[in-house]
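Listed below, chain by chain, are the residues.
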Amino acid sequence: MVAEKAERLLNLVILLLVARNYTTKEQIRALMEPYRTSSNEAFDRMFERDKDELRALGIPLETGYVDKFFEDEQGYRIKRDAFELPAVDFTADEVAVLGLAARVWRHAGLAAATSDALVKLQAAGLRFDREQLEQVQPTLAAEEPAFEAMWRATSERVPVRFDHRRAGEQEVRTRHLQPWGVVTAQGRWYVVGQDVDRGEPRMFRLSRISSEVVAEGDPGSYTVPDGVDLRALSGALVRPQPEHRARVLARAGAAVGLRRRAEVTATGVTGPDGSLGWDQLEVPFGSTDDVAGELLGYADAVVVEEPAELRHLVRERLQGLAS
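Residues numbered from 1 in each chain as written. Predicted model: local features only at pLDDT ≥ 70, side-chain atom pairs only at ≥ 80, totals over all residues. Heavy atoms only, no water.

The name given to the chain in an unreviewed UniProt entry is Transcriptional regulator, and the organism recorded there is Nocardioides aurantiacus.

Undergrad: I'm lost on the overall build of the chain in this one. Help?
TA: In terms of helices and strands, the chain carries 12 helices and 12 strands. By residue count, 34% of the 323 residues in the chain fall in the buried class. Contacts spanning at least 24 positions in sequence make up 56% of the contacts within the chain whose residues lie at least 6 apart. Surface summary for the chain: the accessible area is close to 19400 Å², and the carbon and sulfur share equals 51%. (Helix = DSSP H or I, 4+ residues; strand = E, 2+ residues; numbered from the N terminus. Buried < 20%, exposed > 50% of the residue type's maximum accessible area, 1.4 Å probe, protein only. Contact = heavy atoms within 4.5 Å. Areas by Shrake-Rupley, 256 points an atom, 1.4 Å probe, with all protein chains shown as cover.)

Undergrad: Please explain the packing of helix α11 (residues 288-296) against helix α12 (residues 308-322) as it appears in this structure.
TA: Each pair of packed helices can be described by the angle between their axes along with the distance between the axes. Where α11 contacts α12, the axes come no closer than 10 Å and their chain directions differ by 50°. As judged from the angle between their axes, α11 and α12 are oblique. Like other packed secondary-structure pairs, α11 and α12 cross with a definite hand, here right-handed. Facing α11, whose interface residues are Thr288, Asp289, Val291, Ala292, Gly293, Leu295 and Leu296, α12 presents Glu309, Leu310, Leu313, Val314, Arg317 and Leu318. Considered class by class, the residues forming the contact of α11 with α12 number 8 nonpolar, 2 polar and 3 charged. (Axes fitted to C-alpha atoms, helices over the stretch in contact; angles between N-to-C directions. Parallel < 35°, antiparallel > 145°, perpendicular 65-115°, else oblique. Left-handed = near helix turned anticlockwise from the far one by under 90°. Nonpolar A, V, L, I, M, F, W, Y, C, P; charged D, E, K, R; others polar.)

Undergrad: Would you take a moment to explain the nonpolar core for this structure?
TA: One broad trend across soluble globular proteins is that nonpolar side chains are buried collectively. Grouped together as the largest cluster of nonpolar side chains are 20 residues, with contacts concentrated most on Leu258, Leu295, Val302 and Leu310. Mapped onto this core, the elements with two or more residues apiece are β9 (244-251), β11 (278-285), α11, β12 (302-306) and α12. Once you skip the residues sitting within four places of it in the chain, Val302 turns out to touch Val248, Leu249, Ala250, Ala255, Leu258, Trp278 and Leu295. Counting 17 residues, the second-largest nonpolar core is a separate cluster that includes Ile28, Met46, Leu61 and Tyr76. (Core = buried A, V, L, I, M, F, W, Y, C linked by side-chain atoms within 4.5 Å.)

Undergrad: It is not clear to me how the sheet that holds β11 should be interpreted in this structure. Could you clarify?
TA: Hydrogen bonding along the main chain pairs the strands of a sheet, whether they run parallel or antiparallel. What the 4 strands build is an open sheet, ordered β10-β11-β9-β12; its pairing is antiparallel. Two strands close off the open sheet at either side, each with one partner strand: β10 (263-269) and β12. Neighbouring strand axes in the sheet, compared pairwise and without regard to direction, differ in orientation by 30° on average. Here β9 pairs with β12 via 4 bridges, running antiparallel. Paired with Leu249 across the bridge in β12 is Val303. Set on the sheet, α12 makes contact with β9, β11 and β12; between it and β12 the angle comes to about 145°. (Pairing = 2+ DSSP bridges.)

Okay, structure coming up:
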C-alpha cells in the first residue's frame, strides 16, 4: 500500500513537471492510474490528499488558470526551476564509496533499492569502475532469513517476538525485543535493542533465530534512547572469545573487511596462482567455525595457510560446495 502511494505521488510529480502549461484536474485523472479507475468521490478524496502530501514534502505545487484570458478552468503545475536542486557533484572518492555501498548489499533485502540508486547515479553522469569494485568490495552477505524482517522492524520502530537459541544451548527461548539497530560483530549479523522481558539492552545473533520475526505492535511504538551508540553497545554486549590467530594470503586490494582487523605481515608474496600480487595477513579469531564461514565469503581472494584445522575446514566446505 505504501509503495503504491509513493509510486502515485511520483507519477503525479513527473506529470506536472513535464507539462508545459497548467494541467486540469480532469486531465490528470484521465492520464493516471488509479485516478482513472476510481469513482468521482474516491478520486476527489485521493487527489486532495495527494496535493497536501506533495506540499508537505516541500514540492512547489502551483495552481493557476489554463487560459490566462478566461478564469473558468483551474489547473496545476510544478515549475521546474523551483523544484530542481542545483547540480550535485561528488569527488572521485565519494563516487567510489557510493558504488561500493550499493554492491555491498547485493545479497540483502536492500539489494533492489541500492541497485536502483546506482542506476540513478550513473544516469546523472557518474561512472563506476565495476572491475575495481569487484576487487575491493567487502563481503557483507545478509542471508539470514530474519535479516529483512528485523531490518524493517528496526526502521519502523516495531516491537517483535522471535525464538532464539543461545550459543552452546539446545533450548529455544521466545524473546520480546524493541529493536534499535542491526549491526555486524565478529563477522556475524546481530540485532541490538531493549529486551522487554529483562528490561535491559541485549544483542541477538540473527542466524540463531529459529522462527519468523513477528510484529507485536504498531510502527513508532517506542523510541531509541538518545545518545545510544550501537557500535559501542554491541562491542560491550558481545561475549569475549578466546583469541586465536590465522595466517592468510589475500589478493592485493581484496578482502577489505578482513583487513580491518588483520595485521599485514608481508606484501608481494607469491600466491597459489604463482603471481606476486598477494599479501600475508595475520587474522585474530575466536570460533573456527565462524571465521571459516567468513573466509568462504571472499571466495578465491583469500587462501588459508594455517592453522591446519582452519585450512582443512575451509577446504572441506569448498569441496562440499563444488560437489
